[in-house]
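The lines below spell out each chain.
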Amino acid sequence: MKKLYRIYVTGMTLLLLLAVMTISALAVDDMWTVANDLIVDVYTKIAGISTVLAGLMSAVAVVGAKISNNQHKVDQAWDWLKRIWIAWAIINGIGAFIAYVAPLFSGLATLTP
């Protein structure tokens, strides 16, 4: 009987300590606001990195085209330059599309009980 009492007291003490030491986490914003902020932040970083890389790779392609004495390599460099800027336009176009479409869905991301 004494062993059962000790297990009971130990269990209740641990439960009380758990209740006292638990930190309540209160969300500042709802799930949709946090998700939107996260998406905007990640996309901004992706667009910034893609712009820097597009500029750097464009410089490499132009320098490669200008210093090459082989016409085939010059044509390849200009083709790469076109591909770089098309990819850059697509990446930034996605952001423009999302910025245009997001306000159309502003009222749909709500949960009403």
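Cut-offs and rules
Residues numbered from 1 in each chain as written. Predicted model: local features only at pLDDT ≥ 70, side-chain atom pairs only at ≥ 80, totals over all residues. Heavy atoms only, no water. Helix = DSSP H or I, 4+ residues; strand = E, 2+ residues; numbered from the N terminus. Buried < 20%, exposed > 50% of the residue type's maximum accessible area, 1.4 Å probe, protein only. Areas by Shrake-Rupley, 256 points an atom, 1.4 Å probe, with all protein chains shown as cover. Phe/Tyr/Trp six-rings, centres within 6.5 Å; stacked < 30°, edge-to-face > 60°. Lys NZ or Arg CZ within 6 Å of the ring centre and 35° of its normal. Contact = heavy atoms within 4.5 Å.

**Some remarks on the overall build of the protein**
Counting its regular elements, the protein contains three helices and zero strands. Residues counted as buried form 12% of the 113 residues belonging to the protein. Summing over all exposed atoms, the protein offers an accessible surface of approximately 9,800 Å²; the carbon and sulfur share of this is 74%.

**Focus on the packing of aromatic side chains**
Following the criterion strictly, the structure yields one aromatic pair and no others. Measuring from ring centre to ring centre gives 5.3 Å for W85 and W88, while their planes differ by 75 degrees; the resulting arrangement is edge-to-face. Here W88 and W85 lie together in helix α3 (residues 71–101), a separation of three residues that amounts to about one turn. Its relative accessible area of 37% is what places W85 among the partly exposed residues. Sitting over the ring of W80, R83 keeps its end group 5.2 Å from the ring centre.

**What to know about the environment of L81**
Turning to its location among the elements, L81 is positioned in helix α3. Look at L81 and you get buried, because its relative accessible area is 14%. Along the chain, L81 and G55 lie 26 residues apart, while their C-alpha atoms are 10.0 Å from each other. Among residues more than four places away in sequence, those in contact with L81 are S58, A61 and V62.

Purely spatial values, then, with no claim about function.
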